Amino acid sequence: MSRQERFHLAGVMGWPVMHSRSPVIHNHWFAKHGLEGRYVPLGVEVERLPAALRALPALGFSGCNLTMPHKRAAFSVVDEVDPLARRIGAVNCVVVRPDGSLFGRNNDGWGYIESIVEAAPDWRADAGPIVVLGAGGGARAVLVGLADRGAKEIRLLNRSAEPARQLEKEFGGPIRALDWSARNEALEGAAMLINATSQGMVGQPPLDISLQRLPVSALVSDIIYIPIETPLLAAARARGNRAVNGLGMLLHQARPAFRDWFGILPDVTAELRGMLEATL
Ligand SMILES: NC(=O)c1ccc[n+]([C@@H]2O[C@H](COP(=O)([O-])OP(=O)(O)OC[C@H]3O[C@@H](n4cnc5c(N)ncnc54)[C@H](OP(=O)(O)O)[C@@H]3O)[C@@H](O)[C@H]2O)c1
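Residues numbered from 1 in each chain as written. Predicted model: local features only at pLDDT ≥ 70, side-chain atom pairs only at ≥ 80, totals over all residues. Heavy atoms only, no water.

(A) Quick peek at the site of the ligand. Residues in close proximity to the ligand total 20 residues, the closest being Gly138, Asn158, Arg159, Ser160 and Ile223. Measuring from a nitrogen atom of the ligand, one finds a backbone N or O atom of glycine 246 at 2.9 Å. When the free accessible area of the ligand is taken as 920 Å², the share hidden by the protein chains comes to 73%. Counting only elements with at least two residues in the shell around the ligand, the list comes to helix H5 (137-148) and helix H8 (247-262). Residues belonging to the shell around the ligand are distributed by class as follows: nine nonpolar, ten polar and one charged. (Near = heavy atom within 4 Å. Polar contact = N/O pair within 3.5 Å; in protein donor to acceptor, adjacent residues only side chain to side chain. Areas by Shrake-Rupley, 256 points an atom, 1.4 Å probe, with all protein chains shown as cover. Helix = DSSP H or I, 4+ residues; strand = E, 2+ residues; numbered from the N terminus. Nonpolar A, V, L, I, M, F, W, Y, C, P; charged D, E, K, R; others polar.)

Structure (structure tokens):
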């Protein structure tokens, strides 16, 4: 006889989805906390997203994560969206509420900031100018996280100028869009450099940038986690900069999701990080 009233269920919806490392994280936490449950990859094609999300309560799921290509489409399916997810412009976590309604959240920005604080406890968002490269989905979450943490100056550069200008207009505050061609000079006096482009990811060429003008005291962060050490991070480390990879963002965004679904805020431990690294 189980001590739990029901078997805990959650998963990640995407298409494709089998590459996702989220099952490793959540299934580790089930085992760690002695809970009977399973977190599964849910291969859901675009046109089936509404039906798949609506089926969650009937199937006894506590919720799910969303990955490509569903993060935006979920807005029109869930019953309520958290204001933070609305600002980021994407839902990465759906919570089934007791009445069966669906609540959309986004934990990526929080996860990003937690990963930086974990790796560099003395880090402060207002320590100096922050250079952010990229204006896609990942960059949006990072920008909202940085702004909410009190960043005073964010130099935003994207290969195509328009998305960066749009973000400057939409978010305002500390964000200043600069031309992609100015990316080497933009590093002058920066306290932090963040790569939120896809460049340096497995199968992609390294990010085309010279770190020559970046102060050695600057923190360099890449939200990519495959490979764990991108060419950018390797170059930063080689010249003495502290470097943080994207694995922490993936790990930390999962914590509030597990808490919202199962009532426990789990920890990111060296054991879990090691398990995840072994899959990369
Ligand atoms: N650690 C995590 O938890 C986490 C979370 C989210 C994303 N990520 C990673 O972050 C990366 C970006 O993901 P995303 O969801 O933000 O993707 P996305 O929305 O498709 O955005 C891709 C970004 O990369 C830029 N880019 C593409 N090709 C480029 C090139 N040749 N030179 C310079 N910039 C280029 C794009 O610029 P244009 O606008 O000019 O195309 C855009 O800014 C991926 O590697 C993803 O795996 C990690």
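(B) Broad picture of the state of the cysteines. Summed over the entire model, instances satisfying the criterion amount to zero disulfides. Cysteine cysteine 64 remains unbridged, with the sulfur of cysteine 93 as its closest cysteine sulfur at 7.6 Å. (Disulfide = S-S within 2.5 Å.)

(C) Here's a closer look at helix H2 (residues 49-59). Within H2, burial applies to Leu49, Ala52, Leu53 and Leu56. End-on, the buried residues of H2 take up no more than an arc of 95 degrees, which puts them together on one face. Facing away from the buried side of H2 by more than 90 degrees, the exposed set consists of Ala51 and Ala58. Of the surrounding secondary structure, the elements contacted by the buried residues of H2 are strand E1 (8-14), strand E3 (63-66), strand E5 (93-96) and strand E6 (102-105). Positive backbone phi, at 85 degrees, marks glycine 60, one or two positions downstream of H2. (Buried < 20%, exposed > 50% of the residue type's maximum accessible area, 1.4 Å probe, protein only. Arc of directions from axis to C-beta. Contact = heavy atoms within 4.5 Å.)

(D) The arrangement of the sheet that holds E3 in detail. The strand order E2-E1-E3-E5-E6-E4 describes an open sheet built from six strands, whose pairing is mixed. Of all strands in the sheet, those with a lone pairing partner are strand E2 (37-43) and strand E4 (80-81), marking the two edges. Sheet topology places E3 next to E5; three bridges connect them, and they run antiparallel. Bridge assignment links glycine 63 to a residue of E5, and that residue is valine 95. Taken strand by strand, helix H1 (residues 22-32) contacts E1, E2 and E3, and its axis lies near 165 degrees from that of E2. (Pairing = 2+ DSSP bridges. Axes fitted to C-alpha atoms, helices over the stretch in contact; angles between N-to-C directions.)

(E) Structural view of the sheet that holds strand E12 (residues 242-244). Across the sheet, which stays open at both edges, the six strands sit in the order E9-E8-E7-E10-E11-E12 with parallel pairing between neighbours. Of all the strands in the sheet, the pair left with one neighbour each is strand E9 (175-179) and E12. In this sheet, adjacent strand axes meet at a mean angle of 20 degrees when their direction is disregarded. Bridge analysis of strand E11 (residues 219-222) against E12 gives three bridges, and the strand direction is parallel.

(F) Region of interest: the pairing of strand E10 (residues 192-195). Residues Met192 and Ile194 point to one face of E10 and Leu193 and Asn195 to the other, with burial holding for every one of them. Here strand E7 (residues 130-133) pairs with E10 via four bridges, running parallel. The partner of isoleucine 130 across the bridge, within E10, is methionine 192. As paired strands, E10 and E11 are joined by four bridges and run parallel to one another. For asparagine 195, the partnering residue across the bridge sits in E11 and is aspartate 222.

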